[in-house]
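Structural overview for review
Here are the chains, one letter per residue:
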Amino acid sequence: MLPLLLAWLHTVNDLFGNFLTPLLPKLMAHFGVGLGTAGLLVSVYSLTGSLLQPFAGLVADRMDRRLLSALGPVLVALGMGSMGLWPRFELLLLALGLAGLGSALFHASGASLVGEFAPKERRGFWLSFFGSAGYLGLSLGPIVALFTVGALGLRGLLWLTPLALLPALALLRLPPVRRRGKPAGVKDFLRVFRGDVARLWGMATLRSLVFMSFSTTLPYWFAQRGLSDAYTALSLSVYSFSATLGTFLGGTLSDRLGRKAVLLSTLSFGLPLYLGLLLFPPENPLYLLLLAATGALMNAGIPVAVALAQELEPAQTATVSGLLMDFTWGFAGLFYAPIGHLIETLGVMPVLLALGSLILPAWALARGVREPERKAA
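Cut-offs applied
Residues numbered from 1 in each chain as written. Predicted model: local features only at pLDDT ≥ 70, side-chain atom pairs only at ≥ 80, totals over all residues. Heavy atoms only, no water. Helix = DSSP H or I, 4+ residues; strand = E, 2+ residues; numbered from the N terminus. Rg over C-alpha atoms; globule rule 2.2 N^0.38 Å. Buried < 20%, exposed > 50% of the residue type's maximum accessible area, 1.4 Å probe, protein only. Contact = heavy atoms within 4.5 Å. Areas by Shrake-Rupley, 256 points an atom, 1.4 Å probe, with all protein chains shown as cover. Lys, Arg positive; Asp, Glu negative; His and termini not counted. Charge placed at Lys NZ, Arg CZ, Asp CG, Glu CD. 1 Å grid on protein atoms, 1.4 Å probe; cavity = no way out; pocket = protein on both sides within 12 Å on 5 of 7 lines; lining within 4 Å. Points joined across faces, edges and corners; volume = space filled by probe spheres on them. Nonpolar A, V, L, I, M, F, W, Y, C, P; charged D, E, K, R; others polar. Phe/Tyr/Trp six-rings, centres within 6.5 Å; stacked < 30°, edge-to-face > 60°. Core = buried A, V, L, I, M, F, W, Y, C linked by side-chain atoms within 4.5 Å. Axes fitted to C-alpha atoms, helices over the stretch in contact; angles between N-to-C directions. Parallel < 35°, antiparallel > 145°, perpendicular 65-115°, else oblique. Expected span 1.5 Å × (residues − 1). Arc of directions from axis to C-beta. Salt bridge = Lys/Arg side-chain N within 4 Å of Asp/Glu carboxyl O.

Digging into the overall build of the protein
Helices and strands together make up the secondary structure of the protein, namely 18 helices and zero strands. The globule rule puts the C-alpha radius of gyration for 377 residues at 21 Å, and the 20 Å found for the protein is close to it. Its C-alpha atoms put the protein at 55 × 50 × 35 Å along the principal axes. Counting the 377 residues in the protein, one finds 54% classified as buried. Within the protein, residue pairs in contact and separated by at least 24 positions form 86% of the contacts whose partners lie at least 6 positions apart. By element, 71% of the accessible surface of the protein is carried by carbon and sulfur atoms, the whole surface being about 16000 Å². Averaging the locations of the 27 positively and 17 negatively charged side chains of the protein gives two centres separated by 6 Å.

Considerations on empty space enclosed by the protein
Applying the stated rule across the entire model yields one cavity of 30 Å³ or more. If you add up the space inside the largest cavity, you get close to 50 Å³. In terms of lining residues, the largest cavity is bounded by Arg207, Ser208, Phe211, Tyr239, Met298, Asn299, Ile302 and Trp329. Broken down by class, the residue content of the lining of the largest cavity amounts to five nonpolar, two polar and one charged.

Some words on the packing of aromatic side chains
In this structure the tally under the stated criterion is twelve aromatic pairs. A centroid spacing of 5.1 Å and a plane angle of 50 degrees characterise the contact between Phe16 and Phe19, whose relative ring orientation is tilted. Across the pair, Phe19 and Phe16 agree in class, each one buried. On the numbers, 5.6 Å between centres and 75 degrees between planes, the contact of Phe125 with Phe248 is edge-to-face. Placement of the pair is Phe125 in helix H7 (residues 123-152) and Phe248 in helix H11 (residues 229-257), with a sequence separation of 123 residues.

Observations concerning the side chain of Thr244
Structurally, the position occupied by Thr244 is in helix H11. Ignoring sequence-local partners within four residues, the contact set of Thr244 consists of Ser132, Tyr135, Leu136 and Ser139.

A short note on the nonpolar core
Here is a general trend for soluble globular proteins: nonpolar side chains tend to be buried in one another's company. Membership of the largest hydrophobic core comes to 66 residues, with the highest contact counts inside it found for Leu6, Leu200, Met203, Phe214, Tyr274, Leu324 and Leu352. Not counting residues within four places of it along the chain, the set of residues in contact with Leu352 comprises Ser213, Phe214, Thr217, Tyr274, Leu278 and Ile343. Of all hydrophobic cores here, the second largest spans 27 residues; its members include Val76, Phe89, Ala99 and Ala164.

Re the packing of H7 against H11
Viewed as axis vectors pointing N to C, H7 and H11 meet at an angle of 175 degrees, and their least axial separation amounts to 7 Å. As far as their axial angle goes, H11 and H7 are roughly antiparallel. Here Arg123, Gly124, Phe125, Ser128, Phe129, Gly131, Ser132, Tyr135, Leu136 and Ser139 of H7 come into contact with H11, specifically with Ser240, Phe241, Ala243, Thr244, Thr247, Phe248, Gly250, Gly251, Thr252, Ser254 and Asp255. Tallied by class, the residues present in the contact of H7 with H11 amount to seven nonpolar, twelve polar and two charged.

Remarks on the packing of helix H5 (residues 65-81) against helix H8 (residues 162-172)
Between H5 and H8, whose axes approach to 9 Å, the crossing angle comes to 170 degrees. Relative to H8, the element H5 is oriented roughly antiparallel. Contact residues: H5 offers Arg66, Leu67, Ser69, Ala70, Pro73, Val74 and Ala77, while H8 offers Ala164, Leu165, Ala168, Leu171 and Leu172. The residue inventory of the contact of H5 with H8, partitioned by class, reads ten nonpolar, one polar and one charged.

Observations concerning helix H1 (residues 2-17)
Counting along an α-helix, one turn takes 3.6 residues, and residues three or four places apart therefore face a common direction. The end-to-end C-alpha separation of H1 is 22 Å, in line with the 22 Å expected for 16 residues at 1.5 Å each. For H1, the buried fraction is high: 14 of the 16 residues fall into the buried class.

As for helix H17 (residues 348-356)
Looking at H17, one finds that the buried residues are Val348, Val351, Leu352, Leu355 and Gly356. Along the axis of H17, the buried positions cluster into a sector of 145 degrees, meaning they face one direction only.

Focus: the pattern of salt bridges
Scanning the model with the defined rule gives six salt bridges in all. The partner of Asp196 in a salt bridge is Arg199, with the nearest N and O atoms 2.9 Å apart. Here Arg199 and Asp196 lie together in helix H10 (residues 195-224), a separation of three residues that amounts to about one turn. The residue Arg259 makes a salt bridge to Asp255 at a minimum N-O spacing of 2.9 Å. Under the relative-accessibility criterion, Asp255 is labelled buried at 14%. Here the residues in one salt-bridge network are Asp196, Arg199 and Arg370, joined through shared partners.

Right, dumping it as structure tokens:
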């Protein structure tokens, strides 16, 4: 019951979290601001939602994570659902900052609960189920947002908030979740940033930087090649849905084959597939198959890394879950601005090819991580 509720909340949390980008033009018109000012909304939500995750995990490791897992998606839903209600732009910034904090609290505490209460021999499966539920929400977010606003206007988004309120109330009806063992302190928190978990974080950040840069640059690259907006949208959708499938399969396979083996395999095959994405002509219909395979493979390692980190640090499952989830994407995202300038100066192909070399140190970092012995429950 608990993992299913958390997966439902993950879908809803990320569904609302992906409302902002497709609605930026409408928010610009609503508040009478330009793209640069409206971009502050994305920055505030991304920074609070991604970069605060390890600190949210430290809080979650010392509190009732059931409460935080319920509160987080409610804050996201209220923040995103109220975008058309605020009379001033500054108030919307504050609301989205709180929504980002809610997302950080949920991802850290939710993944921690799933990993702790799943059977040890099935931890990878349940973390994959949890992770793929989030990708499903991300995939559906723009569709739901644009359809709702088209039918009801920006104020109509508020009618969607029960999608988060109902599972949150159901979660709160379950018994409180007591911490197993002594909660981690600040010294333990700092220790997480060294050793094996730090290697996992470095691996995940490098991998995220490579594939975030590729997917973010893809529309710009396809436009340069004269490809249609429809084909670009189809390509991004294929990549997104294949990432959902890959996330589900990765952790499931790691229960049978071992965490480290699956992690290293995804990186080993990831490099040639990534090079294929750059060198194979995207106009060819077979390119979509290559894109799907790469999206599935490279996202398969996300729940595996989270499961491995939880097994390495069983007393700090929320902290390491926050560190290995959106924090890696948020940290990698900080580097995309200079990468974008390099792409404009040097061209798409030289920069993306050079970024592909980062998969090699990512593989080396993953290889240096020890894998604790896992005993069946």
